[in-house]
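# Residue-level structure breakdown
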Amino acid sequence: MSRTSKPLITIENISKSYGGVQALSKVCLNILPGEVHGLCGENGAGKSTLIKCLAGVVSPETGTITVDGKPLSHGDIHATEAAGIAVIHQESTAFLDLDLVENLFVGREIKKYGWLNRRAMERQALAVMHRLDVTLDLHTPLREFSIAQRQMVEMARACLRDCRLLIMDEPTASLSARETKTLLGLVKQLRESGVSVLYVSHRLEEIAELCDRVTVFRDGRLVATTPIDQLDRNQLIGQMVGREINALTRREEHAGQTDEVRASITGLYSRGSFSDISFEVRAGEILGIGGLVGAGRSEVARAIFGADRYDQGEIKIDGASLKKGSIQAAIEAGIAMVPEDRQHQGLILPMSVSENLSLTILTEITRHRLIHHGHETAQVQHLMRRLAVKAANAKMEAASLSGGNQQKVVLGKWLAIKPKFLILDEPTRGVDVAAKAEIHRLIRELTEAGMATLIMTSDLPELLTLSDRIQVMCEGRIAGQLDGATATEEQVMRLAFPRSEAQLT
Amino acid sequence: MKYRREASLIVLVGALSFLATLFDASFVPANAIDILINSIPTMIISCGVMLVIITGEIDISVGSLLGLLAATLALLSSTAEPGLGIHPYLAIAIVLTVGTLIGLGTGCLVVYGRVPSIIATLGLLIALDGAQDWLMGGGDIKHFPQELRYLGTGTTIPINLILTILVVAGTGLLCHKTALGRRIYAVGSNPSAARLAGISVTTTKLFVFALTGMLTAIAAILWVAKLGNVSTSTGAGLELKVVTCVVVGGVSIRGGRGRILGVVLAVILITMIRTVLNFMDLGSEAVKWQRAIEGVMILVAVTSDHFTQRNQPGGKS
Amino acid sequence: MKKFAYEFFLLGLICVVLAIAAFLDPLFLSSDVQIELSSEIWELGLLTLGMTLIIITAGIDLSVGSAMGLCSVSLGLCMHANLPTGVCVLACLATGLAAGALNGSLVAFIKVHPLLVTLATYGMYRGFAEGLQSATTNAPVDASEGIKALVTGNFPLIQILFTALTAWTAILLGRTATGRGLYAIGHNEEAARFSGIPIAKLKFWIYTYTGLLAGLAAISYSARRSATAEAGLVLELDVIAAVVIGGTSIYGGRGRIAGTLLGVLLIHETRQFVDWYWQRSELTLIVIGTLLILAVLGHRFLFAQDPDTH
């Protein structure tokens, strides 16, 4: 890639506001041919809005976008496509009811005499899958694919169109380390073939590995565009948050840990999901569970919390065995869970912050069978202060909060019941750096106060810094245990891969 | 198994035929055509409503719409008072246009007015029913010109049956062989993703509602042609029968899934239940319970899936 | 008072309807006419209480009218057999409870989509009502004096019960943990489940409650007219229309009893006036259908801060 080449895309003075909130103000940016351009910033910094403008999903109020010197009409998906811009959106754009071929060609079907030409589409699908080196059945509905496989389909869909700019909005947010590696390989391969990539990610490691230049956004403004070799990690974070943040440090060894067994899980088995899961979590201890996406971690979490049934095994909390498949029983026993999907399982977005926070303590704030507003407000205010939730007031809709603050509300909802045993499933996915640090601080504080914590995460640095002990799951089984104080990323990854593959690498 | 629903419907149709054959060996050959002809209005409208439900919407105004269109046709073409006695072909053209326009209007309410389709079509169900009564002014309308009656009673070739088969085949082709059909499924499966894939959700939905309006008009024409009589209760309750058939036929009420074959089988099955019950002549006692038996069977049909699927391991959705 | 803006809008609409009525024929507003025409409002009102709860959870019950028919027939059977009034009432309410409980268990425990369940029971309950009636009395049964007294006597139990139940349902919805749970289910059932809200229990309960209300409505109907399988025919449409006009979102999560009551009143006054003044029931249908669509459009464009997503 030559630095002097003419830009493929030039963005000039793009502004966009939503109901008085300036999402983008006067952004200028150019993307060179064959470059991977990183886009960083906290949630709400304006990255997604910029992408939507580029994709033709929303029209900016001012400014121009030119592709190869030709201006692009605003808010026109078809013009964007014609100009060779393809987008892999953050929210899933998979059609779960349609099969792979149908998904690849949705909206641009190949026709012959006006009828669908299925054979030609299958042929092209096979070709593109071959190019990406993925093998997936062409006629399986996407519902039956894993999230990672669906992501591959999205990649294939973009590659199918000979695009010149591929925009990827947090493509690895729900992928495991191995899948991420495959995906990054694909991106590099695209760059080789001359395609420009606009790559949005919260994972700084990926940015460092992949990108040629990186642009940082903050509060709807562009902070700087810098070649990656002139920037280190802390500078990058500094640009993003506008202040220095202490890098995560490992937890002081076994602070506050006791010998009292809080939760003991023995021989948990669920057909098709996981088997032979046994572990104990002590009061004051954080047990981390690592592994690839699809290794069965979330399923174990859901089974313990009573969200799913399991076939065999026993769960004991403080020595008393727990009724299976009942969330109410789990909560009664003092278990709380921050689920992996914040928007669908964690929060009720159209309800207010206050209503969300008090959802778990409705009986507690009820007097004479009626909800006592005084008690409710008191509890909610207390929780919001303790979690430092940034919201104008408690009556705001949860949907209007940033990702990090939403996650704090989910956490707060469970702190309200003073849980004995807290399960966190991907607690900081899609959460910005500052909020992530605060969530980590809270988890530690609570655990030191005597709570037992089980954390499932794909984020390796998070797993290593938080956990006292680490168990790694692989293909539904526990593959091994590591000491949190000494474990390394390599050790975790070695356990996380299935045996045969581990020997290969 | 992909065609499980179709298979079980075929088994049910088979079992019902067998049961009838036990009573009278000549039942099936003697009544097969009758059953098909009786199912015509439901069959034609179900094709449209199926597409609407696949896009994730619903249309419960089709019964009233059929009534209104039948009343319009009757008024325009009837040769006796209060009919205007205009040429039947012109009347048919007018009815087809009106049906399509009302369907399009429903679509506009849903798409542009953002009124939830169940509410928009509930409103239309009530209002169109009133409009039908108002047009009819109380009494039945009879006496239609031969050209019109021929569509429903032509003895040598059953034109209505051929038309129905054409509609069904056309819907099948639309669903599985055209880009538009593919987009109808995509819109129901994931509307926001469809928008991002450059599909116009608006146009797709307007199309299915307008098509349903037109198919309802065709059904109304054939209805009048066959019965030669329109009353204020024409079409009443048809919407629920149609939705039932579509759902029993395996179309997901949440959109995105369903095939024409299942719907066709379900229409035949539900039409057959009544014919067979009538035929078996279980005595005057049983006739009284006909609707109840029908209801129980439909309840079993819509709930049976859930019983069989409940014990399968729940994957992540 | 911003919270109740839509309710004020409805109140305004009712005033407009009454003003037009007063202009065309002042007699309509006289208390005699109003009382005489008010009899039908109780059945509609009772059923909307349950329907509001159901629609708030993003459910629907198409079978209320049919269930009412079935209750009416069972009441008729008891009266035909000259059973004591108390037994008749109990049988009628028990039928309603059973019908509601069947809907409720299929929706809550077997997890069938409520539209499908009640679409099926809509035909089934009416079918049973017709079958039962034609197999036994084969004609509508006139209400016994005891039943009549419950509705039209000096101590109109149904009206008193309606008032009490309205207050109770409103408090339940607005001020209790149960109400909060119902809204949560309507907005996001999965998140409600993960918060430990007893979803199945609440859903079962609201459908059963609606069944019970159908029983009460059947008593009211039978006392006014007669106990027949025709009771409540197409009433479900009015009930749903009233609830939706009252501002309850069909997507769930939004709605209040106050709005529903105003919706009932608006439909009732409009219907009675059009019927009474023009003497043409078909005109009423056109007006009510249009009113329903306009109310939802009005709510969408005048009051929604941000558009509903579904």
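Residues numbered from 1 in each chain as written. Chains lettered and ligands numbered in written order. Predicted model: local features only at pLDDT ≥ 70, side-chain atom pairs only at ≥ 80, totals over all residues. Heavy atoms only, no water.

### Section: the overall build of chain B
Quick reminder of the rule: Only DSSP runs of H or I reaching four residues or more are called helices, and only runs of E reaching two or more are called strands; each is numbered from the N terminus. Partly exposed residues are those whose accessible area sits between 20% and 50% of the maximum for their type, while under 20% is buried and over 50% is exposed, using a 1.4 Å probe and protein chains only. Contacts: residue pairs with any heavy atoms within 4.5 Å of one another. Residue-level accessible areas treat just the shown protein chains as cover; the underlying method is Shrake-Rupley with a 1.4 Å probe. When charges are tallied, Lys and Arg are placed among the positive residues and Asp and Glu among the negative ones, while His and the ends of the chain are skipped. Where a charge lies is defined by one atom per residue type, namely NZ (Lys), CZ (Arg), CG (Asp) and CD (Glu).
A tally of helices and strands in chain B yields 15 helices and 0 strands. Expressed along its principal axes, the backbone C-alpha trace of chain B runs to roughly 65 × 55 × 35 Å. Burial analysis of chain B (317 residues in total) assigns 57% to the buried set. Long-range contacts, defined as pairs at least 24 residues apart, comprise 79% of the intrachain contacts of chain B with a sequence gap of at least 6. Per element, the accessible surface of chain B, about 12,700 Å² overall, is 65% carbon and sulfur. Charged side chains in chain B number 21 positive and 15 negative. The centres of these two groups are separated by 16 Å.

### Points about the confidence of the model for chain C
Quick note on the threshold: Every residue is assigned a pLDDT by the predictor, reflecting its confidence on a scale from 0 to 100.
Counting all residues, the mean pLDDT for chain C is 91, and 97% of those residues have values of 70 or more. Predicted complex, confidence summary: ipTM 0.86, pTM 0.86.

### Notes on the interface of chain C and chain A
Formally: Buried surface area refers to the total accessible area, computed with a probe of radius 1.4 Å, that the two partners give up upon joining, counted for both partners together. Note on definitions: salt bridges are taken to be side-chain nitrogens of Lys or Arg within 4 Å of carboxyl oxygens of Asp or Glu. Residue polarity is assigned by list, with Asp, Glu, Lys and Arg as charged and Ala, Val, Leu, Ile, Met, Phe, Trp, Tyr, Cys and Pro as nonpolar; anything else, Gly included, falls into the polar class.
Tallying the contact residues gives 19 residues for chain C and 30 residues for chain A. Of the roughly 2,000 Å² buried between chain C and chain A, counting both surfaces, carbon and sulfur atoms make up 60%. Sorting the residues of chain C by area buried against chain A places Arg175, Arg180 and Phe194 of chain C first, and these three jointly supply 39% of that buried surface. At the junction of chain C and chain A, the tally comes to 1 salt bridge. A salt bridge links Glu376 of chain A to Arg180 of chain C; the nearest nitrogen and oxygen atoms lie 2.9 Å apart. Elements represented by at least two residues in the side of chain C that touches chain A include exactly helix H8 (157-175), helix H9 (177-187) and helix H10 (189-194) of chain C. Considered class by class, the residues forming the side of chain C that touches chain A number 9 nonpolar, 5 polar and 5 charged.

### Points about the nonpolar core
Where we set the bar: The definition of a nonpolar core used throughout is a set of buried Ala, Val, Leu, Ile, Met, Phe, Trp, Tyr and Cys residues joined through side-chain atoms within 4.5 Å.
Residues Phe279, Ile304 and Phe421 of chain A together with Ile147 of chain C are the most contacted members of the largest nonpolar core, which totals 281 residues. Among all residues touching Ile147 of chain C, those that are not within four sequence positions of it are Leu75, Met79, Thr85, Cys88, Val89, Ile219 and Ala223 of chain C.

### Topic: the pattern of salt bridges
Counted by the stated rule, this structure contains 32 salt bridges over all chains. Taking the shortest distance from any N to any O, the salt bridge between Arg118 of chain A and Glu122 of chain A comes out at 3.5 Å. Of the two residues, Arg118 of chain A and Glu122 of chain A both sit in helix H4 (residues 118-132), 4 residues apart, roughly one turn of that helix. You can call Arg118 of chain A partly exposed: its relative accessible area is 27%. For Glu122 of chain A, a relative accessible area of 22% puts it in the partly exposed group. Linking Arg225 of chain C and Glu40 of chain C is a salt bridge whose minimum nitrogen-to-oxygen distance equals 3.3 Å.

### Let's talk about the sheet that holds strand E16 (residues 312-317) of chain A
Residue and element names in this part refer to chain A. For clarity, the threshold we go by: Strand pairing is assigned whenever DSSP detects at least two bridges linking the two strands. To obtain each axis, a line is fitted to C-alpha atoms, and for helices this fit is confined to the stretch in contact; angles are then taken between N-to-C directions over 0 to 180 degrees.
An order of E14-E13-E16-E17 is seen for the 4 strands of this open sheet, with the pairing classed as antiparallel. Either end of the sheet is taken by a strand with one partner, and the two such strands are strand E14 (274-282) and strand E17 (320-321). Bridge analysis of strand E13 (residues 261-270) against E14 gives 6 bridges, and the strand direction is antiparallel. Within E14, the residue paired with Ser264 across the bridge is Glu280. Across the sheet, helix H9 (residues 297-305) touches E13, E14 and E16, and the angle it forms with E14 is around 65°.

### Structural notes on the interface of chain C and chain B
Many structure descriptions define interface size as the accessible area lost when the parts assemble. Between chain C and chain B, the residue contacts involve 48 residues of the former and 42 residues of the latter. Across the chain C/chain B interface, buried area totals approximately 3,800 Å², and carbon plus sulfur atoms make up 78% of it. Scanning the region where chain C abuts chain B turns up 1 salt bridge. We note a salt bridge from Glu130 of chain C to Arg291 of chain B, for which the minimum N-O separation is 3.3 Å. Broken down by secondary-structure element, the contributors of at least two residues to the side of chain C that touches chain B are helix H5 (85-108), helix H6 (114-135), helix H12 (235-245) and helix H14 (281-303) of chain C.

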